[in-house]
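The residues making up each chain are set out below.
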Amino acid sequence: GTGNDMSGVLGWGRSLNCDPGTIRSLLCSVEESTSVPKCDVWGVNFKNFNSLSRFNTMCNCFSIGVDAEATSMFERHRTSRPTLYRNQSFNKIAYTAVGGYLAFKGTSSLGKRIKRLVVDGVEADVPRNAKALVVQNMPSYADGTEPWTAGRKHTFREAAIDDGMVEVFC
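Keep in mind that this is a model prediction, so the values were computed, not measured.

### Some points on the environment of A132
Step number 1: Take A132: it is sitting in strand β6 (residues 132–136).
Step number 2: Remark: the alpha-carbon pair of A132 and I64, spanning 68 residues in sequence, is separated by 5.7 Å.
Step number 3: Apart from residues lying up to four places away in sequence, A132 is in contact with I64, G65, V66, D67, L110, F169 and C170.

This is how it looks when you write it as structure tokens:
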């Protein structure tokens, strides 16, 4: 993840005002804080078909699939034309356009490509038609969206950054 949701969960705001006074004030408040936020840190072990393995330590989120593809496309375009992306509203519109393009273009399902997903030693099923897989440890994702609470009744505990658990959803 980019950190915007983590920043919001920690109470620092979901976006950064680049005014030097605002940045100075934020840094001073973090430096002078008497409490340190607790945050789970967890590991992800990726293995591919050639038995190559990579371990990453995480404290925010990661995703694979259509949302990660949209992020990658957006970042490549933003890097190639930085003068276009100086306005947060424009960035959100551009990001939405990329996501819309991918939705209409269609993407292959992850469930056909992910052979095994193991979380805390327990194998979990990935639906065959899943377009994305997200693993995170905070209550929001993708600019404040709370995917597991959006119009659904559920019996599980709300996500938190310090509960010793990660959330996995497709």
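### Quick notes on the sheet that holds strand β7 (residues 167–169)
Step number 1: Pairing in this open sheet of 3 strands is antiparallel, and the strands run β3-β6-β7 from one edge to the other. Of all strands in the sheet, those bounded by a partner on one side alone are β3 (61–65) and β7. Neighbour-to-neighbour, the strand axes of the sheet open up by a mean angle of 5°, direction not taken into account.
Step number 2: Judged from the 3 bridges that link them, β6 and β7 form a sheet pairing that is antiparallel. Each bridged residue has a counterpart across the sheet, and for V135 the counterpart in β7 is V168.
Step number 3: Across the sheet, helix α3 (residues 66–80) lies against β3 and β6, angled at about 100° from β3, the strand it touches most.

### Notes on the nonpolar core
Step number 1: Membership of the largest hydrophobic core is limited to 7 residues, which are M6, C61, V134, M138, Y141, I161 and F169.
Step number 2: Residues in contact with M6, not counting those within four places in the same chain, are C39, C59, N60, N137, M138 and I161.
Step number 3: By size, the runner-up hydrophobic cluster in this structure holds 6 residues, among which are L110, I114, A130 and L133.

What counts and what doesn't
- Residues numbered from 1 in each chain as written.
- Predicted model: local features only at pLDDT ≥ 70, side-chain atom pairs only at ≥ 80, totals over all residues.
- Heavy atoms only, no water.
- Helix = DSSP H or I, 4+ residues; strand = E, 2+ residues; numbered from the N terminus.
- Contact = heavy atoms within 4.5 Å.
- Pairing = 2+ DSSP bridges.
- Axes fitted to C-alpha atoms, helices over the stretch in contact; angles between N-to-C directions.
- Core = buried A, V, L, I, M, F, W, Y, C linked by side-chain atoms within 4.5 Å.
- Buried < 20%, exposed > 50% of the residue type's maximum accessible area, 1.4 Å probe, protein only.

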